[in-house]
Amino acid sequence: MTLRMALLASGRGSNVQAILAAIAEGRLDAHAACLISNIAEAPVLDIGRAAGIPSVSLPHRGQSREAHEDQILAALEANGPIDTIVLAGYMRLFSPQAIQALGNGNPMRIINIHPSLLPAFPGTKGYEDAYTYGVKVAGVTVHFVDSGLDSGPVLLQRSFPRLDTDTLAEFRARGLALEHALYPEALQLLAENRVRFRYDSDASRPYVTILPAEGPA
Ligand code: GRF
């Protein structure tokens, strides 16, 4: 099933670029129905426009959270149908009400990429925080979004070493390259309908399982 995605991003857009490249190269069966940025001058908007994706800026500044979230919901509605909301460097938290509305009853509808091995180093500075802490193994996480801060169920994680010679820039570049591979892979799992939530009776949160790929018929 071709995934119909809305892309939400606030900045540079290298993950959006990686997702679009994966579609173009046939590694990801998805269609970008729209791109929304909360920052009017974000470079990601140019990436979206150059790719011919309806790309809108909906600045959050100067209005209430509720009014801004209503605008996002309206933009999604206008560009629907959308089955997956892909946060790619979207640097804002949604209210619990917006998560509810955006999710539309489906806990697997909103997905995010985070630059650490969650639950370590949530927040806006994953690479800096891991580097400063002095971890030996770092990583990136693709997870579903709930109303907490980087707290939703984990779909995929991949690790990378912090080398003793690493500068922060080198460390971050290695992580980012991993993000660019991991996010399209994660989205392709959704496109192939291979992701399930397992509700273990003694766990307070769902565990995400991945079904094996279908073999040739
Ligand atoms: C990435 O490191 C992502 O994990 C984090 O924000 C950064 C966005 O980078 N959430 P880009 O805009 O995709 O280049």
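Residues numbered from 1 in each chain as written. Predicted model: local features only at pLDDT ≥ 70, side-chain atom pairs only at ≥ 80, totals over all residues. Heavy atoms only, no water.

Engineer: What am I meant to see in the site of the ligand here?
Structural biologist: Inspection of the region around the ligand gives Arg12, Gly13, Ser14, Asn15, Gly89, Ile113, Pro115, Tyr127, Leu176 and Glu179 as its neighbouring residues. In the model, an oxygen atom of the ligand is placed 2.5 Å from a nitrogen or oxygen of the Ser14 side chain. In the model, an oxygen atom of the ligand is placed 2.7 Å from a nitrogen or oxygen of the Glu179 side chain. The protein chains hide 87% of the 370 Å² of surface that the ligand would expose on its own. According to the grid-proximity analysis, the pocket containing the ligand is the largest pocket. Residue assignment for the shell around the ligand shows that the elements contributing at least two residues are helix 1 (14-24) and helix 6 (168-191). Of the residues contributing to the shell around the ligand, the split by class is four nonpolar, four polar and two charged. (Near = heavy atom within 4 Å. Polar contact = N/O pair within 3.5 Å; in protein donor to acceptor, adjacent residues only side chain to side chain. Areas by Shrake-Rupley, 256 points an atom, 1.4 Å probe, with all protein chains shown as cover. 1 Å grid on protein atoms, 1.4 Å probe; cavity = no way out; pocket = protein on both sides within 12 Å on 5 of 7 lines; lining within 4 Å. Sits in = over half its atoms within 2 Å of the grid points. Helix = DSSP H or I, 4+ residues; strand = E, 2+ residues; numbered from the N terminus. Nonpolar A, V, L, I, M, F, W, Y, C, P; charged D, E, K, R; others polar.)

Engineer: How do you make sense of the environment of Leu102 when you look at a structure like this?
Structural biologist: On the secondary structure map, Leu102 appears in helix 4 (residues 96-103). By relative accessible area, which is 2% here, Leu102 ends up buried. C-alpha of Leu102 to C-alpha of Ile85: the two residues are 17 residues apart in sequence and 8.0 Å apart in space. Among residues more than four places away in sequence, those in contact with Leu102 are Ile72, Leu73, Leu76, Ile85, Phe94, Arg109 and Ile110. (Buried < 20%, exposed > 50% of the residue type's maximum accessible area, 1.4 Å probe, protein only. Contact = heavy atoms within 4.5 Å.)

Engineer: What am I meant to see in the pairing of strand 8 (residues 195-198) here?
Structural biologist: The side chains of a regular strand alternate between both faces of the sheet. Burial along strand 8 is one-sided: the face carrying Val195 and Phe197 is buried and the face carrying Arg196 and Arg198 is not. For strand 8 and strand 9 (residues 207-210), the ladder comprises four bridges, and the chain directions are antiparallel. Following the sheet pairing, Phe197 is matched in strand 9 by Val208. (Pairing = 2+ DSSP bridges.)

Engineer: Quick question: what am I supposed to make of the side chain of His68 here?
Structural biologist: Here His68 shows up in helix 3 (residues 65-78). Beyond its immediate sequence surroundings of up to four residues, His68 is in contact with Asn38, Leu58, Pro59, His60, Gln63, Tyr90 and Arg92.

Engineer: What is the right way to look at unusual backbone geometry in this model?
Structural biologist: What you tend to see is this: most non-glycine residues have negative phi, and most peptide bonds are trans. Here the bond from Gly80 into Pro81 is cis, since omega is 0°, no more than 30 degrees from zero. Its place among the elements puts Pro81 in the loop between helix 3 and strand 4 (84-87). Across the junction of Leu118 and Pro119, the peptide omega takes the value 15°, indicating a cis bond. Relative to the helices and strands, Pro119 is located in the loop between strand 5 (110-114) and helix 5 (126-133). Phi is positive for Phe121, close to 55°, though the residue is something other than glycine.

Engineer: When you look at helix 2 (residues 43-50) in this model, what are you seeing that I'm missing?
Structural biologist: For an α-helix, the turn length of 3.6 residues means that residues three or four places apart are oriented alike. Taken residue by residue, helix 2 has Val44, Leu45, Ile47 and Gly48 as its buried positions. In an axial view of helix 2, the angular spread of the buried residues amounts to 160°, which keeps them on one side of the axis. Residues of helix 2 that are exposed and point more than 90 degrees away from the buried face comprise Asp46 and Ala50. Phi for Gly52, located one or two positions after helix 2, is positive at around 80°. (Arc of directions from axis to C-beta.)

Engineer: Sorry, what's going on with helix 1 here?
Structural biologist: Where helix 1 is concerned, the buried positions are Ser14, Asn15, Val16, Ala18, Ile19, Leu20 and Ala22. Packed against the buried residues of helix 1 are strand 1 (3-9), strand 2 (30-37), helix 2, strand 4, strand 5 and helix 6. After helix 1 finishes, the residue Gly26 shows a positive phi value of roughly 80°.

Note that all results are geometric; they support no functional claim without further evidence.
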